[in-house]
2 protein chains.
Amino acid sequence: MLLYERVAEQLREQIASGALRAGERLPSIRQLAQGHGVSTATAVQACLQLEREGVAQARPRSGYFVRAAAPRLPAARPPRRRAPGTVSNPVLQDVLDMLARRDVLPLHSATPAPALLPQAALGASLSRCLRRQPAAALDYAPPQGLPGLRRLIAQRYAQLGAAVAPDEIVITAGAMEAISLALRTLAEPGDVVLVESPTYHGILQAIASLRLKVLEVPNLPGRGIDVARLESLLAQHCVRAAVLVPNFNNPLGSLTDDAAKQALLDSCARHGTVVIEDDIYGELAWSGQRPSPLRRWDRRGNVISCGSFSKILAPGLRVGWLAGAGWTEALLRAKYFSTVGNASLPQLALEDYLRRHDLERHLRRLRRTLAENVQRLHEAVARHWPAATRACEPQGGLSLWLQLPPGGDGYGLFEAALAEGIGTSPGVLFSSRGDYADCLRLSCGLPWSETLDRALRRLGRLAAQRLR
Amino acid sequence: MLLYERVAEQLREQIASGALRAGERLPSIRQLAQGHGVSTATAVQACLQLEREGVAQARPRSGYFVRAAAPRLPAARPPRRRAPGTVSNPVLQDVLDMLARRDVLPLHSATPAPALLPQAALGASLSRCLRRQPAAALDYAPPQGLPGLRRLIAQRYAQLGAAVAPDEIVITAGAMEAISLALRTLAEPGDVVLVESPTYHGILQAIASLRLKVLEVPNLPGRGIDVARLESLLAQHCVRAAVLVPNFNNPLGSLTDDAAKQALLDSCARHGTVVIEDDIYGELAWSGQRPSPLRRWDRRGNVISCGSFSKILAPGLRVGWLAGAGWTEALLRAKYFSTVGNASLPQLALEDYLRRHDLERHLRRLRRTLAENVQRLHEAVARHWPAATRACEPQGGLSLWLQLPPGGDGYGLFEAALAEGIGTSPGVLFSSRGDYADCLRLSCGLPWSETLDRALRRLGRLAAQRLR
């Protein structure tokens, strides 16, 4: 291949891949010559070649542009390479593809819709911090996070009866990073980690990608973690850590009561199992009574507690935390060598928001709305879905978990709904063993609307069709 | 211990840890009762007890407050727990402690000072995006990152002669997350990873925390990666991946030339070693001639290229990227199960900034300033430091690497300087084998000032003292 042909070939690839679009300027002759290490004459020749092909067009004194009517070029994709840590799960890839789409009704997303969050107040906090601390907003924050924000989080624990020192708090990119850091810090490949079943698929994936083994303890609708079963599993296996969601398990929305929480802490401590508590839904109790985090009863420093502002204030700020007990130093190092630290402005803005506003007041309204939403979801399912569909009775959180009638196919329903622009989460996601194939998770974070009502009718019809 | 004593004990702990400070309100009686699961009478008793001890003080109708003159309580720290993945390195802990301090002259930080970055323009972009897209600023961005920003990054690669599709770009929390994700995705515990020596300590730590083995290939001041040695190492060992910094190695600032880049790509491809390219300093060439990324010559899809806006626009936004070649899907999953996605507003603002401003113009000014800074650093070292101190001649980047005269102790100098509020990076950080004990890295990202001049004199004097 001649030199100019090679340059032309790459420009074609860039147009085919969408890096350069119709009407956009090609790199300048100087850039092409320098970037490809060729003479400007060769770079000009490459552009002339694309002009002959009808792909590019010269404009006097401004260079070459991609033609609006350029022939469609086939995109060359790099062959997919296998990575050893990759968990093959086609369901998962479908779900990730769905997350990138903006044209899907997000009934899959266990997040409050933007309208339910204090957007104006948070926006004002972001603007204020930007105005008052422009340099701090753009510079690195300390790797552990802003001291003031960490102290506010420790104070919230104090209100809940849990002794957490500000020194123990590490700010993370959401609770997912907190859990992932805790797993990476505590466990070595081959170690066994206990989770609930069903549980959030992100936890299962984080465990699988670290080559850890997983053990599942039932979480029972309306009752929470099966403590007797937990004790017997811990007695039988050497379990390094347990990732538990006692407050409003995702997807069930079940609450583990105080006595069970204390019993499971005892079991874990007795068997040398470290508890990684995922408490992101704790603030979202329908009853308005915020249940205690496990940390409240932890006298042995055996609980790493993970939380986040994602589910109560703003997911897109990516601010969560962990309270690291005796592992704080190791966890902070893991954070530093993974993402260095969190973005600064979101931390500044959250601290500002929390100092100026009554979080409790916002939470009261949010809980009420979510409880109403889940009630209406229940009613819609009862009215429009096949008669034998069973719905959980969540006590908090952001999800409604449904079991289809015998023969129901959650993944099939997910696919059919997605084809019509309705997002849902198929049950198989929530187990490492392929359980819950007949289940589906819906979000109760969307404000009630005609569109939502229509989507639920449509889902009911699709569910019924797939039973025949 | 009586119930009320337990509640009082925890309040004392919270005051001792700094979660509650003098003048701040204790949790309300209702919160205490609910959080600790006790009666309000018990909660009141706990507060009265603290009042008797002189720790708290009641204010009519507003509750209990920590007294300004409260006796200092001893803070109980959780005993430090050993985590299996922890790399014991006291130097490292000292460095992390330093990063949390705001009272240190940051000659340790390979980052341009805020004054060298387009703060006003970036601030305006942040404000504009917040005003125009308030909901998008607070909601999740797609896990892979904003499509428009990914396309701009692909276009920059196109200008450099490298074919990178926007589909391949994953936005990350800086280049550190990109490298960490690539290592986690490619390598399994026990695999061998090749790095340069010296190299950035974050890379060494990320490798160590994944229980990978490390192999070091020399990077030579003024010449770059020793390709012949690389070839012989790859021939002798089975090396899964190589993390390479051919453009302005940190800490040397050396540039590997185009012929060597092509030769090393050939070696790696021939031996089945995947290249993880760390190109964060590529834009910072003193000569103004931006060197090519390795991706320019990669025809086999064997290079994962990592970059960042941290070193050229704003470290605190935490926006970097990787171009994942055939591993993109696996890398995106790893990103999702680690931090879900990047914060939204920083991505929106960077896209806005890049569309409105001439990045190249900013870079020209930045490069000039950095080149001048390093020149002045050189002069100051020549004038004030022990005569036999040797300084590298960096060709770009943000660092100046110094070798002390025989008998020099980089770590000792680091400690002595830190005690006087001057941050530096001791040489031992930059090797996995304890090499470079007589070296020190200084940042050339600080604008020249009297303070800086004084600090360099002082460092010179401290270096001389430690030789005797």
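Cut-offs and rules
- Residues numbered from 1 in each chain as written.
- Chains lettered and ligands numbered in written order.
- Predicted model: local features only at pLDDT ≥ 70, side-chain atom pairs only at ≥ 80, totals over all residues.
- Least-squares fit on C-alpha atoms with pLDDT ≥ 70 in both.
- Contact = placed C-beta atoms within 7 Å.
- Pairing = 2+ DSSP bridges.
- Helix = DSSP H or I, 4+ residues; strand = E, 2+ residues; numbered from the N terminus.
- pLDDT = per-residue confidence, 0-100.
- Buried ≥ 20, exposed ≤ 12 C-beta atoms within 10 Å, placed from the backbone.
- Axes fitted to C-alpha atoms, helices over the stretch in contact; angles between N-to-C directions.
- Nonpolar A, V, L, I, M, F, W, Y, C, P; charged D, E, K, R; others polar.

S.K.: So what about the relation of the copies chain A and chain B? Which residues, and what values?
M.R.: Take chain A, turn it by 180 degrees, move it 0.0 Å along the axis, and it overlays chain B with an RMSD of 0.1 Å. Both copies of the chain, as the preceding transformation shows, are related through a two-fold rotation axis. Minimal C-alpha separation from the rotation axis in chain A is found for Ser127 of chain A, amounting to 3.2 Å. Comparing contact sets, 99% of the residues at the interface of chain A also lie at the interface in chain B, consistent with an isologous, same-surface contact.

S.K.: Can you tell me about the pairing of strand β2 (residues 63-66) of chain B, naming the residues and giving the values?
M.R.: Residue and element names in this part refer to chain B. Inspection of the sheet shows strand β1 (residues 56-59) paired to β2 by four bridges, in the antiparallel sense. Its bridge partner lying in β2, Ala58 is registered against Tyr64. Here β1 folds back onto β2, and the loop between the two strands holds three residues, one of which, Arg61, carries a positive phi near 60 degrees.

S.K.: So what's going on with the confidence of the model for chain A? Which residues, and what values?
M.R.: Of all residues in chain A, 98% have pLDDT values of 70 or greater, and the mean over the chain is 93. Reported confidence for the predicted complex is 0.93 by ipTM and 0.94 by pTM.

S.K.: Please set out the pairing of strand β10 (residues 320-323) of chain A residue by residue, giving values where relevant.
M.R.: Residues and elements named next belong to chain A. Covered by surrounding structure in β10 are Gly320 and Leu322 together with Trp321 and Ala323, the residues of both alternating faces. By the bridge criterion, four bridges tie strand β3 (residues 169-172) to β10 in an arrangement that is antiparallel. Residue pairing for β10: Val170 is matched across the bridge by Leu322. In terms of strand pairing, strand β9 (residues 303-308) meets β10 through four bridges, oriented antiparallel.

S.K.: How would you summarise the sheet that holds strand β11 (residues 390-391) of chain A if you had to cite specific residues and measurements?
M.R.: All names here are of chain A. Within the open sheet, the four strands sit side by side as β11-β12-β14-β13. Their pairing is antiparallel. Looking along the sheet, the strands with just one partner apiece sit at the ends: β11 and β13 (425-426). Relative to strand β14 (residues 439-443), strand β12 (residues 399-403) is paired through five bridges, and the arrangement is antiparallel. Residue Leu402 lies in a different strand from β14, and its bridge partner there is Leu440. Relative to β12, helix α14 (residues 359-384) is tilted by about 20 degrees, and along the sheet it contacts β11, β12 and β14. Running over the sheet, helix α15 (residues 410-419) touches β13 and β14 and is turned about 45 degrees from β14.

S.K.: Explain the interface of chain A and chain B to me, and be specific about the residues and the numbers.
M.R.: Listed by partner, the interface residues are 93 residues for chain A and 92 residues for chain B. For the side of chain A that touches chain B, the class distribution of residues is 49 nonpolar, 31 polar and 13 charged.

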